Amino acid sequence: MSTNSSTSLPTINHVQTQGMADAPPSNKPLVFIDKLSMTFAIPDVEHRKYVAGNLMDLPKEIGSGWQPAHGNRYKYAARFHLLDEGSNGVQSPWMTDYVMFQAAPFNGEGGFLRMEWNPARFSETQRDGLFKMLDMHFDLPPPRVDEAKITRADIAIDLPGVWIGDYVFERAKSPIRTFVLHQGEPQTLYLGKQFHGQCRVYDKSAQQGDTTKELTRVEVCASPNRTAAQLHTLLNPFKSIRVTELAKIDLGIGEPHMRALRRAIRAEGMAGPLNDFPSLATLKHKAAIFAASAAVWDPLALWKTWPAAIAAAFPSFGQPDHYGTVDGAMSVVQSIALHGVAL
């Protein structure tokens, strides 16, 4: 974080090697970035040759952490495996998680270099090393990272102590709803179409195989299509999500019928099951359900941690001392401090 800014921003301290991919750093829900796709425009021909050459040559160095990869729509591709952090500063074997680099799209569209990674899977030190590597191997110092276009960002919130089966999750303007059961228990809910800003709600504790805790993850696949330095202007993607606590819903129809209706609402959302009632009863029941909002869900308050999520994903922003002097460059953290966060 820049030392030139007089405004203090919240920070997230990651001490686990796997970061927030396994669990949030505390019992307080925080927004974090689970996946990022970003592209770099490199118009200079010699710079392009330099980047392409490194993507071909770096994987040839045994033990470098670079591995060849399939380019798919790109001519060049390589995976960069950051070192795991062992005890007492001793480096252990390569991590299974990696950063994907692809360069030179065959159709010639978009940025020349694409970088896809999961910030939550790496520690603060590893992420800082990643951005130093961008400067070292691709000549992309912090100001160039500021200019990178963010094409995809999976933004997530972990809700400790929350089991997906106890709540109804709905999102405005997402009529498509896919509910997945595992052995009769709710596991995953998809709201909206894939690749169109889909929201996923799933039982994270079940995914981790931990039956001793309850943890639900709410994740939105966003397409910011703005530079990294403009990420703080992203509108709150969780604002349109409504969460209702099933235990609070009581329509006065008797507990056996109420239990069946709760299961139907949880799977289908409110529209289908409630429309089976007479029209006046439907309006009355919907009003009762709207009043049963979950206390654990406050998207406006949660979104206030978005600046910290950006600072955690981009630890090198505002740290020009690591790269030499960067004159006249406003870091993303300074920009957030000046302009605030869009709710």
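A brief look at the structure comes next.

The rules we used
- Residues numbered from 1 in each chain as written.
- Predicted model: local features only at pLDDT ≥ 70, side-chain atom pairs only at ≥ 80, totals over all residues.
- Heavy atoms only, no water.
- Helix = DSSP H or I, 4+ residues; strand = E, 2+ residues; numbered from the N terminus.
- Expected span 1.5 Å × (residues − 1).
- Buried < 20%, exposed > 50% of the residue type's maximum accessible area, 1.4 Å probe, protein only.
- Arc of directions from axis to C-beta.
- Contact = heavy atoms within 4.5 Å.
- Phe/Tyr/Trp six-rings, centres within 6.5 Å; stacked < 30°, edge-to-face > 60°.
- Lys NZ or Arg CZ within 6 Å of the ring centre and 35° of its normal.
- Core = buried A, V, L, I, M, F, W, Y, C linked by side-chain atoms within 4.5 Å.
- Salt bridge = Lys/Arg side-chain N within 4 Å of Asp/Glu carboxyl O.
- Lys, Arg positive; Asp, Glu negative; His and termini not counted.
- Polar contact = N/O pair within 3.5 Å; in protein donor to acceptor, adjacent residues only side chain to side chain.
- Pairing = 2+ DSSP bridges.

1. Here we look at helix α5 (residues 255-268)
Move 1: End to end, α5 covers 20 Å across 14 residues, agreeing with the expected 20 Å (1.5 Å per residue, within 8%).
Move 2: What α5 keeps buried is the set Met258, Leu261, Arg262, Ile265 and Arg266. Buried residues of α5, seen end-on, are gathered within an arc of 135° and therefore sit on one face of the element. Residues of α5 that are exposed and angled more than 90 degrees away from the buried face: Pro256, His257 and Glu268.
Move 3: Tucked into the core, α5 has its buried residues touching β9 (167-171), β10 (177-182), β11 (185-191), α6 (271-274) and α7 (279-290).
Move 4: Just beyond α5, the residue with positive phi is glycine 269, at close to 85°.

2. Focus: unusual backbone geometry
Move 1: Positive phi values are uncommon outside glycine, yet alanine 104 reaches one of about 65°.
Move 2: Relative to the helices and strands, alanine 104 resides in strand β6 (residues 99-105).
Move 3: For alanine 104, a relative accessible area of 14% puts it in the buried group.
Move 4: The phi dihedral of glutamine 183 is positive, around 55°, even though this residue is not glycine.
Move 5: Considering the arrangement of structural elements, one finds glutamine 183 in the loop between β10 and β11.

3. Some words on the packing of aromatic side chains
Move 1: On inspection of all chains with the given rule, the structure shows ten aromatic pairs.
Move 2: Measuring from ring centre to ring centre gives 6.5 Å for tyrosine 167 and phenylalanine 169, while their planes differ by 55°; the resulting arrangement is tilted.
Move 3: Overall, the relative accessible area of 10% leaves tyrosine 167 in the buried class.
Move 4: Overall, the relative accessible area of 2% leaves phenylalanine 169 in the buried class.
Move 5: Ring geometry for tryptophan 303 against tryptophan 306: centres 4.8 Å apart, planes inclined by 10°, an arrangement best described as stacked. Take tryptophan 303 and tryptophan 306: they sit in the same class, and that class is buried.
Move 6: Members of the aromatic cluster, each reached through a chain of ring pairs, are Trp66, Phe80, Phe101 and Phe138.
Move 7: Just above the ring of tyrosine 98 sits the side chain of arginine 79; from NZ or CZ to the centre is 4.8 Å.

4. Thoughts on the nonpolar core
Move 1: By size, the foremost hydrophobic cluster in this structure holds 64 residues, and its most contacted members are Phe40, Phe101, Leu113, Phe138, Trp306 and Phe314.
Move 2: Formed by eleven residues, the second largest nonpolar core is a distinct cluster that contains Ile249, Leu261, Ile265 and Ile289.

5. What to know about the pattern of salt bridges
Move 1: Enumeration according to the criterion identifies 15 salt bridges in this entry.
Move 2: Between glutamate 116 and lysine 35 there is a salt bridge, with its nearest N and O atoms 3.6 Å apart. Note that glutamate 116 is positioned in strand β7 (residues 113-117) and lysine 35 in strand β1 (residues 31-40), a separation of 81 residues in sequence.
Move 3: With relative accessibility at 24%, the residue lysine 35 sits in the partly exposed group.
Move 4: A salt bridge links arginine 114 to glutamate 116; its shortest N-O distance comes to 2.3 Å.

6. Considerations on the side chain of arginine 127
Move 1: Structurally, arginine 127 is set in helix α2 (residues 124-138).
Move 2: One buried charge, arginine 127, has no salt-bridge partner; the nearest side chain with opposite charge is glutamate 124, at 5.4 Å.
Move 3: Among the polar contacts listed, one links the side chain of arginine 127 to the backbone oxygen of alanine 312, at a separation of 2.5 Å.

7. Description of the pairing of strand β12 (residues 199-203)
Move 1: For β12, the tally of buried residues reaches five of five residues, placing the bulk of the element in the interior.
Move 2: Side chains Cys199, Val201 and Asp203 of β12 all project onto a buried face; the interleaved residues Arg200 and Tyr202 project onto the opposite face, where all are buried too.
Move 3: As paired strands, β11 and β12 are joined by four bridges and run antiparallel to one another. Each bridged residue has a counterpart across the sheet, and for tyrosine 190 the counterpart in β12 is arginine 200.
Move 4: Inspection of the sheet shows β12 paired to strand β13 (residues 215-222) by five bridges, in the antiparallel sense. From the neighbouring strand, arginine 200 faces β13, where its bridge partner is glutamate 219.

8. Points about helix α1 (residues 45-57)
Move 1: The first and last C-alpha atoms of α1 sit 18 Å apart over 13 residues, in line with the 18 Å expected at 1.5 Å per residue.
Move 2: Those residues of α1 that fall on the buried side of the exposure criterion are His47, Val51, Ala52, Gly53, Asn54 and Leu55.
Move 3: Lining the buried residues of α1 we find β2 (66-68), β3 (74-80), β6, β7, α2 and α3 (142-147).
Move 4: Where α1 begins, the side chain of aspartate 44 points an oxygen toward the backbone nitrogen of glutamate 46, at a separation of 3.2 Å.

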